[in-house]
Amino acid sequence: MKRFDIIKRAYIWVIISVCLAVAWGILFLLTANYSEEFTWWVSISINTKADAEDLEQNLNKFLATKDYIKSEVHVNAAEEETQIKINADLENDEVVAQLSTDISDFLESEGYIESSEDIIGQALTGPSIWDYMKTTAMQALLVGIILMIIYMLLAFKEIRKYVSPAILSVVVLCVLAFDLLVTLGAFGLRMLFNDTIQVDTVFIISVLTVIGYGINDVVVIFDRIRENLSKNKDKNMVYGKVFEESIHQSIRRNIGTSISTLIVLITMFFLWNSAVLQQFSFGVGVGIIASTFSAIFFSGSLAYLLMGKYKKEVGKF
């Protein structure tokens, strides 16, 4: 059976990968639903049962008169208490505290509660906490990416004789971007149909795991490329042929490792009734599929094109 060529179609695979990454990234941006850890909100519980729809409508009107324009009100009425949650785009922690006071005054003036003693629970998350969570998440991702790039450069001391460190760095960054954007987009697709799926700390952990797994797949491919390049003593060596053979020699190992890991993750997702484990296993599972694709079709193709060998060698292998 004729072998399916990859490096000969390097331009096609790079274009497909870029288009997929951009499409999935846009999907995430359009559908992202952030958890309480990454938003500003006020939550108040009162010890009376209120008409949820009526309270929500009146509270929305009240917030509009107070210039809390970008706000969302959610009311959940139980048998003995009512929980009110307001998500709002606020300037600082002082405004969040003022919003809480305004809501308490509104509830009392409109007769939903008799006094402030009827408020049995109250929680606030302001911009300072949101900024901390956002900064921490970004720092974790950035540190993970930098460490992976350093690892790649150290791991491939021998291949740097043939492929420059600059090209390796670009390939690592692009592969990581692809894996992350596809994973983010898959989460975005779930968020589109299920509003309980949110960007939270478990989401960040799964993304960081994807970074490590994705680099491991690339290491397998480039390590085989390094071995074959070092064995080839021909002065007229055709790099494209070496890249092509190296990728095909590694495909079975990459796919086999990915499938064995996916089996465990699929079991976790369907058999363990835990939202946290489902969130984690889904993110890592999608990331594994994305990293397997990028390692086989994207990483080697991109490196080969950046080396500038394609036009010279395309007819030789």
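Reading the values: rules and limits
Residues numbered from 1 in each chain as written. Predicted model: local features only at pLDDT ≥ 70, side-chain atom pairs only at ≥ 80, totals over all residues. Heavy atoms only, no water. Salt bridge = Lys/Arg side-chain N within 4 Å of Asp/Glu carboxyl O. Helix = DSSP H or I, 4+ residues; strand = E, 2+ residues; numbered from the N terminus. Buried < 20%, exposed > 50% of the residue type's maximum accessible area, 1.4 Å probe, protein only. Axes fitted to C-alpha atoms, helices over the stretch in contact; angles between N-to-C directions. Left-handed = near helix turned anticlockwise from the far one by under 90°. Nonpolar A, V, L, I, M, F, W, Y, C, P; charged D, E, K, R; others polar. Phe/Tyr/Trp six-rings, centres within 6.5 Å; stacked < 30°, edge-to-face > 60°.

Student: Would you mind showing me how to read the pattern of salt bridges here?
Tutor: Scanning the model with the defined rule gives 2 salt bridges in all. D223 is paired through a salt bridge with R226; the nearest N and O atoms lie 2.9 Å apart. Of this pair, D223 and R226 both sit in helix α6 (residues 201-231), separated by 3 residues, roughly a single helical turn. Note on D223: relative accessible area 26%, which makes it partly exposed. Here E227 and R224 are joined by a salt bridge, their closest N and O atoms 3.4 Å apart. Pair noted here: E227 and R224 are both in helix α6, with a separation of 3 residues, about one helical turn. Residue classification places R224 among the partly exposed positions, given a relative accessible area of 26%.

Student: In this structure, what is going on with the packing of helix α5 (residues 165-193) against helix α8 (residues 275-306)? I would like to understand it.
Tutor: Each packed pair of helices is defined by two parameters, the angle between the axes and the distance between the axes. Relative to each other, α5 and α8 sit at 145°, their axes nearing to 8 Å. At the point where α5 passes α8, the crossing takes the right-handed sense. Per-class residue counts for the contact of α5 with α8 are 17 nonpolar, 8 polar and 2 charged.

Student: Looking at this model, I keep getting lost on the packing of aromatic side chains. Mind explaining?
Tutor: Geometrically, a pair of aromatic rings is defined through the distance of the ring centres and the angle of the planes. Per the stated rule, a full pass over the model turns up 11 aromatic pairs. With a centroid separation of 6.1 Å and an interplanar angle of 70°, the aromatic rings of W13 and F293 are classed as edge-to-face. Of the two residues, W13 sits in helix α1 (residues 10-31) while F293 sits in helix α8, which places them 280 residues apart along the sequence. You can call W13 buried: its relative accessible area is 12%. Here F293 falls in the partly exposed class, since its relative accessible area comes to 23%. Seen in terms of ring centroids, F178 and F293 are 5.6 Å apart; in terms of plane orientation they differ by 25°. Their pairing is stacked. With F178 in helix α5 and F293 in helix α8, this residue pair connects regions lying 115 residues apart in the sequence. Looking at F178, the relative accessible area reads 4%, which means it is buried. Following the ring pairs from residue to residue traces out a cluster consisting of F28, F187, F203, F269, F270 and F282.

Student: Please clarify how the environment of A32 should be interpreted in this entry.
Tutor: Looking at the element boundaries, A32 is found in the loop between α1 and β1 (41-46). In this structure, the C-alpha to C-alpha distance between A32 and V199, residues 167 residues apart in sequence, is 7.2 Å.

This is a description of form; function is not addressed.
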